[in-house]
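Listed below, chain by chain, are the residues.
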Amino acid sequence: MDLSCQDWMAALPEELWDIPLTDLAIPGSHDAMSYCLDINSPLVRSESDFFRLLDRLFFCFTRPAIFKWATTQDKSIEEQLSMGIRFFDLRIAHKPNDLSSDLYFTHVIYTHLTVLETLLSVATWLESHPKEIVILACSHFEGMDDRCHESFIYSLKKLFGSKLCPRKESALTLRSLWASGYQVVLSYESQTAARHRELWPDIPYWWANQRTAEGVISHLDWNKDLGRPEGFFVAGLNLTADRYYITTNPKQSLRTLTFSNWECLKNWLEEQTPGSDHRSLNIIAGDFVGPLPLCSLVIALNQKLIRKNASQIKKHYKL
């Protein structure tokens, strides 16, 4: 199997076609759209009044810092798809004082690209890759009322149409999804989702909120000890720096922090196993998924499922 193949799901061995997607190892992109943040946009509504005041008074200092610490990706969504990313963390909001109905992605500030033009790119990509399945996790929704939600959901249904996999789909395997023509699992972190059979509930994300690889790994191992959720869930390999660290380390950025911790994260990742077991993983998301080989490492974990199944069959016949 070519692990760098942009059609890696289609290239998986047939032994994995009947394994639920919730048991496969799937590469994900944390804050997937932060590659196109608009440095001059307003702060998101959830930022504190104190930080807003600071930003107004010292804009020339705060904005470069925000930009280099809020930027978690440097590849476009089409490039991320082609590299093998199949889970996208999409944080969506309506800008304050914007009279249009346009929605944008956010991470402290807003993006240049709108949500619908970006998702149109995803739909177009899927047309050319009919055996690839994507999981779109839409969340946050700052500044959106019920009417805005319903309008957005209508647009999503129109955009993806028959590619949307309904949440009550029982057999969520590659073989069944290919047979049905479903290519999009759309998670929607809002109670509005309950009214729409095409939308899935929010997907748990194990976020460590730690600045070091050791801190992230400790948190993920703690969650593994508690046991994996039944459905989709995400183990986040992303690091987080607090504002004190950011202020006292002006030459650092999220990129330098991620790269300096990568070897430790990589070693831990290579030891993980997908599947239905108590301590198994499913979606594994990270930052800077282009320059770092997250995709190939996560996809390769699925080979362990083949070896495990072969071992179980061998054991069965010995009995």
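Bear in mind the structure is a predicted one, so any value in this text is a computation, not a measurement.

*Asks:* Hey, could you run me through the confidence of the model for the chain in this one?
*Replies:* Detail in the predicted coordinates should be disregarded across regions flagged by low pLDDT. Predicted confidence across the chain gives a mean pLDDT of 94, with 95% of residues reaching 70 or more. Long-range and interchain partners of residues 313-319, a stretch whose pLDDT sits below 50, account for zero contacts in this model, where long-range means more than four residues apart.

*Asks:* Looking at this structure, I do not really get the UniProt feature "domain: Phosphatidylinositol-specific phospholipase C X" (unreviewed entry) in the chain. What am I missing?
*Replies:* With numbering aligned to this structure, UniProt lists the feature "domain: Phosphatidylinositol-specific phospholipase C X" (unreviewed entry) at residues 15-189. In this annotation, residues 15-189 is assigned 37% helix and 20% strand; the end-to-end C-alpha distance for the span is 33 Å.

*Asks:* Explain the pairing of strand β6 (residues 184-188) here, please?
*Replies:* Along any regular strand, the residues point their side chains to alternate faces of the sheet. Here β6 lies mainly inside the structure; five of its five residues are buried. Bridge count between β6 and strand β7 (residues 199-200): two bridges; the pairing is parallel. When the sheet's bridge partners are listed, L186 is paired in β7 with L199.

*Asks:* What is the right way to read helix α10 (residues 254-270) from this model?
*Replies:* Every α-helix winds through 3.6 residues per turn, so residues three or four apart in the chain are directed the same way. Taking 1.5 Å of rise per residue, the 17 residues of α10 would be expected to cover 24 Å, and the 23 Å separating its terminal C-alpha atoms lies within 8% of that figure. Its axis deflected by about 50 degrees at W262, α10 carries its strongest bend there. Looking only at α10, the buried set comprises L254, L257, T258, N261, W262, L265, W268 and L269.

*Asks:* Teacher, can you tell me more about the environment of S170 here?
*Replies:* For S170, the position within the fold is in the loop between α6 (146-160) and α7 (174-180). S170 gets classed as exposed once you look at its relative accessible area, which sits at 71%. It is 9.8 Å that separates the C-alpha atoms of S170 and P20, two residues lying 150 residues apart in sequence.

*Asks:* Explain the pairing of strand β5 (residues 134-142) to me, please; I cannot follow it from the model alone.
*Replies:* Where burial is concerned, most of β5 is hidden: eight out of the nine residues are buried. Summarising the sheet, strand β2 (residues 87-93) and β5 pair through seven bridges and their orientation is parallel. Its bridge partner lying in β5, R91 is registered against S139. Bridge count for β5 against β6 is five bridges, and the pairing is parallel.

*Asks:* Explain the side chain of S280 here, please?
*Replies:* Relative to the elements of secondary structure, S280 occurs in the loop between α10 and β10 (283-286). With a relative accessible area of 2%, S280 lands in the buried category. Among the polar contacts made by the side chain of S280, one reaches the main-chain carbonyl oxygen of G275 at a distance of 2.6 Å. Within the structure, the side chain of S280 is placed 2.7 Å from the backbone oxygen of D277, a separation counted as a polar contact. Every residue in contact with S280, bar those within four places of it in the chain, is listed here: R228, F233, T273, P274 and G275.

*Asks:* Mind showing me how you'd approach the packing of helix α2 (residues 49-57) against helix α3 (residues 59-70) here?
*Replies:* Geometrically, a packed helix pair is captured by the angle between its two axes and the distance between the axes. Where α2 meets α3, the axes come as close as 5 Å, and the angle between the chain directions of the two elements is 115 degrees. Classified by the angle between their axes, α2 and α3 sit roughly perpendicular to one another. From α2, F51, L54, D55, R56 and L57 reach across to α3, where they touch F59, T62, R63 and I66. Each residue belonging to the contact of α2 with α3 can be placed in one class, and the counts come to five nonpolar, one polar and three charged.

About the cut-offs
- Along each chain, residue indices are assigned from 1 in the same order as the chain's sequence is written.
- In view of the model being predicted, local features appear only for residues whose pLDDT reaches at least 70, and side-chain atom pairs are presented and counted only at 80 or more, with totals across whole chains, interfaces and linings using the full set of residues.
- Calculation of side-chain values draws on the structure's entire complement of heavy atoms; hydrogens and water are dropped beforehand.
- Note: pLDDT gives the predictor's confidence per residue, expressed from 0 to 100.
- Note on contacts: a residue pair qualifies if any of its non-hydrogen atoms lie within 4.5 Å across the two residues.
- UniProt positions are given in the numbering used here, feature names are shortened, and annotations may be inferred rather than shown by experiment.
- Numbered from the N terminus, helices here are DSSP runs of H or I no shorter than four residues, and strands are runs of E no shorter than two.
- Note on classification: 1.4 Å probe, protein chains only; a residue is buried when its accessible area is under 20% of the maximum for its type, exposed when over 50%, partly exposed between these limits.
- Pairing between strands is defined by DSSP: at least two bridges between the two strands are required.
- Working rule for helices: expected span equals 1.5 Å times residues minus one.
- To get the bend at any residue, fit one axis to the seven residues that end at it and another to the seven that begin at it, then take the angle between the two axes.
- For the purposes of these results, a polar contact is taken to be a pair of N or O atoms within 3.5 Å, where, inside protein, one atom must be able to donate a hydrogen and its partner to accept one; residues adjacent in sequence count only when each atom of the pair is a side-chain atom.
- As a rule, the C-alpha atoms of each element are fitted with a line to give its axis, helices using only the stretch in contact, and angles between N-to-C directions run from 0 to 180 degrees.
- Geometric relationships in this document are graded by angle, where less than 35 degrees denotes roughly parallel, more than 145 denotes roughly antiparallel, 65 to 115 denotes roughly perpendicular, and other angles denote oblique.
- Three categories are distinguished: nonpolar for Ala, Val, Leu, Ile, Met, Phe, Trp, Tyr, Cys and Pro, charged for Asp, Glu, Lys and Arg, and polar for the others, with Gly belonging to the last.

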